[in-house]
Amino acid sequence: MKVISYNLNKHKAFGELEELVESTGADILCLQEAVSGELPGDIAGLQLVDATARNRLGLAVYLRRNTFTALEVRSLALKKSLHDRVLKPAEERMLAVRLRDIDHGREFIVASFHAAPLTALNSLRRKQISAALGELASLGDDLPILMVGDYNYPVFKENLGQKVREAGYDLSLSDARTYTRYKFFRGHYDFATSVGFDIDTITTLPQGKSDHLPILITAAPKAASRV
């Protein structure tokens, strides 16, 4: 399956989504920094499952309607940074869907994630990632999990990778940097955390109106669930 993750930069890149889905053949679309009230029910054949309601800039997940059935949706508010407390851009920073692959009859979990901004410490983002992964695991015993999004973690990813592996997950980066706005902070911001998935490729797609570049994850749940 193909999954796109895209931080829309305050909804600026919304107009790109239909062409993006059509050109890549994406099956799942995970958004960050979307204006939830302005999202349509359908984008190029992908159906809106849910979008966060308490965020000024929210998360959303779309699924290909003839391929997947959404079984359960869960959003999660994570520990807040000072930026969150003052400007209140995001109350909920993880939106997860437990779904069933109709043709193969198997279930797995996909989530859109948006960590605290660069004004926060990496230690806070690690706590947010850990809490999000813990919540995802509670959605179903031994189900494959794929969490994609804007991790806001441009430096010291080795430390993050170690923490993620200690929790039993894999951390996968795309083939090119995904953020270009500030010279000093350019790098990989958008990537994937997974367990029970075979990650084939993660490709950084061309830049549009967002300061983030979308990424395309090609992956499949492993035949056997994790133990």
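From a predicted model like this one, the values you see are computed outputs, not experimental measurements. (Residues numbered from 1 in each chain as written. Predicted model: local features only at pLDDT ≥ 70, side-chain atom pairs only at ≥ 80, totals over all residues. Heavy atoms only, no water.)

## Structural notes on the side chain of H11
Take H11: it is sitting in the loop between β1 (2-7) and α1 (17-24). Once residues within four sequence positions are removed from consideration, H11 is found in contact with E33, A34, V35, E38 and L39. (Helix = DSSP H or I, 4+ residues; strand = E, 2+ residues; numbered from the N terminus. Contact = heavy atoms within 4.5 Å.)

## Remarks on the sheet that holds strand β9 (residues 145-150)
Taken together, the 6 strands give an open sheet; going across it, the order is β6-β7-β8-β9-β11-β10, and neighbouring strands pair in mixed fashion. Taken across any chain shown, the strands that pair with only one partner, and hence form the sheet edges, are β6 (68-76) and β10 (170-172). On average, each strand axis in the sheet is inclined to that of its neighbour by 20°, with strand direction left out of account. Both β6 and strand β7 (residues 94-101) contribute to a ladder of 8 bridges, which runs antiparallel. Across the sheet, F68 pairs through a bridge with D101, a residue of β7. Taken strand by strand, helix α3 (residues 122-137) contacts β6, β7, β8 (106-114), β9 and β11 (190-195), and its axis lies near 145° from that of β9. (Pairing = 2+ DSSP bridges. Axes fitted to C-alpha atoms, helices over the stretch in contact; angles between N-to-C directions.)

## Observations concerning the sheet that holds strand β2 (residues 28-34)
Within the open sheet, the 7 strands sit side by side as β3-β4-β5-β2-β1-β13-β12. Their pairing is mixed. The open sheet is flanked by β3 (42-43) and β12 (197-204), the only strands paired with a single partner. Pairing geometry for β1 and strand β13 (residues 215-221), over 4 bridges, is antiparallel. Its bridge partner lying in β13, I4 is registered against L216. Across the sheet, α1 lies against β1, β2, β3, β4 (46-51), β5 (58-64) and β13, angled at about 155° from β1, the strand it touches most.

## Section: unusual backbone geometry
The phi torsion at A44 lies on the positive side, around 50°, for a residue other than glycine. Along the polypeptide, A44 turns up in the loop between β3 and β4. The phi dihedral of D142 is positive, around 65°, even though this residue is not glycine. As for its placement among the helices and strands, D142 is situated in the loop between α3 and β9.

## A closer look at the pairing of β2
Most of β2 is tucked away, with 7 of its 7 residues classed as buried. Sheet topology note: the β1/β2 ladder contains 5 bridges and is parallel. Of the residues in β2, the one forming a bridge with S5 is C30. As a crossover connection, the stretch from β1 through α1 into β2 is right-handed. The pairing of β2 with β5 spans 5 bridges and is antiparallel. Directly across from L31, in β5, lies its bridge partner A60. (Buried < 20%, exposed > 50% of the residue type's maximum accessible area, 1.4 Å probe, protein only. Right-handed = clockwise from strand over helix to strand, strands pointing away.)

## With respect to the side chain of S112
The topology assignment puts S112 in strand β8. Given a relative accessible area of 0%, S112 falls into the buried group. From its side chain, S112 meets the backbone oxygen of L31 in a polar contact 2.9 Å long. (Polar contact = N/O pair within 3.5 Å; in protein donor to acceptor, adjacent residues only side chain to side chain.)

## Examining the confidence of the model for the protein chain
Averaged over the protein chain, the pLDDT score is 87; the fraction of residues at 70 or greater is 89%. Segment residues 81-89 is flagged for pLDDT under 50; beyond a separation of four residues in sequence, or across chains, it makes 18 contacts in the model. (pLDDT = per-residue confidence, 0-100.)

## With respect to the nonpolar core
Residues M94, F113, L136 and M147 are the most contacted members of the largest nonpolar core, which totals 22 residues. Among the secondary structure elements, those contributing two or more residues to this core are β7, β8, α3, β9, α4 (157-166) and β11. The element contributing the most residues to this core is α3, with 4 residues. Core analysis: the next-biggest nonpolar cluster, separate from the first, contains 20 residues, C30, F108, L146 and I215 among them. (Core = buried A, V, L, I, M, F, W, Y, C linked by side-chain atoms within 4.5 Å.)

## Digging into the pairing of β4
Within a regular strand, the side chains alternate between the two sheet faces. Note that β3 and β4 share 2 bridges and pair antiparallel. By the bridge assignment, I43 is partnered in β4 with L46. Joining the antiparallel neighbours β3 and β4 is a turn of 2 residues, in which A44 adopts a positive phi near 50°. Note: β4 against β5, 5 bridges, orientation antiparallel. Considered in β5, the bridge of L48 is made with Y62. Linking β4 to β5, which pair antiparallel, is a turn of 6 residues.

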